[in-house]
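Listed below are the residues making up each chain.
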Amino acid sequence: QVQLVESGGGLVQAGGSLRLSCVASGSIFSINAMGWYRQGPGNQRELVAAITSGGMTNYADSVKGRFTISRDDAKNTVYLQMNDLKPEDTAVYYCNAGLRTSVFRREADYWGQGTQVTVSS
């Protein structure tokens, strides 16, 4: 079994910062890309940021220059540093990882349960 557990969400004023963490645990052979998605009220889930196993990153245009994604492979953890938060960043943030549970199994997508981020104006 594999679990992705997010933490670090909460309520913050506009202009503030939060740091999200996501730890992958369980039967893990290797982790490829990891990323953060979000889903606001009435919206579809969208990609916020992603990072490959080689460290290449990709960001949504709306968060470029404000958010930074990073990972610690020794801890199977991905982070999202969010600065200069805006009310439109309010959403449930989900962690995603493409990983293999065995050398004999194909890569599959795994998701965390989500953590709420609320930015007040």
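Further up the page is the structure itself.
Asker: What is the right way to look at the overall build of the protein in this model?
Answerer: Per the secondary structure count, the protein includes zero helices and eleven strands. For the protein, the sequential pattern of α-helices and β-strands runs β-β-β-β-β-β-β-β-β-β-β. Looking at the protein as a whole, 39% of its 121 residues are labelled buried. When contacts within the protein are restricted to residue pairs at least 6 apart in sequence, those whose partners lie at least 24 apart make up 56%. Total accessible area on the protein is roughly 6,600 Å²; 46% of this is exposed by carbon and sulfur atoms. Distance between charge centroids for the protein: 5 Å, based on 11 positive and 10 negative side chains.

Asker: Whenever I open this one, the pattern of salt bridges confuses me. Can you help?
Answerer: A pair can form between side chains of opposite charge whenever their charged atoms are brought close. For the structure on display, the rule yields five salt bridges. R38 is the partner of E46 in a salt bridge, and the nearest nitrogen-oxygen pair spans 2.8 Å. Judged by relative accessible area, E46 falls into the partly exposed class, the value being 36%. Connected through shared salt-bridge partners, R38, E46, R66 and D89 make up one network.

Asker: Any chance you could explain the state of the cysteines here in plain terms?
Answerer: Should the sulfur atoms of two cysteines be covalently bonded, the bond is a disulfide. Counting across every chain of the model gives one disulfide. The partner cysteine of C22 in its disulfide is C95, sulfur to sulfur 2.1 Å. Because the torsion about its S-S bond is -80 degrees, the bridge between C22 and C95 counts as left-handed. Of the two residues, C22 is situated in strand β3 (residues 18–26) and C95 in strand β9 (residues 91–100); the sequence distance between them amounts to 73 residues. Among the residues examined, C22 registers a relative accessible area of 0% and is labelled buried. Given the relative accessible area of 0%, C95 is considered buried.

Scoring rules and cut-offs
Residues numbered from 1 in each chain as written. Predicted model: local features only at pLDDT ≥ 70, side-chain atom pairs only at ≥ 80, totals over all residues. Heavy atoms only, no water. Helix = DSSP H or I, 4+ residues; strand = E, 2+ residues; numbered from the N terminus. Buried < 20%, exposed > 50% of the residue type's maximum accessible area, 1.4 Å probe, protein only. Contact = heavy atoms within 4.5 Å. Areas by Shrake-Rupley, 256 points an atom, 1.4 Å probe, with all protein chains shown as cover. Lys, Arg positive; Asp, Glu negative; His and termini not counted. Charge placed at Lys NZ, Arg CZ, Asp CG, Glu CD. Salt bridge = Lys/Arg side-chain N within 4 Å of Asp/Glu carboxyl O. Disulfide = S-S within 2.5 Å.

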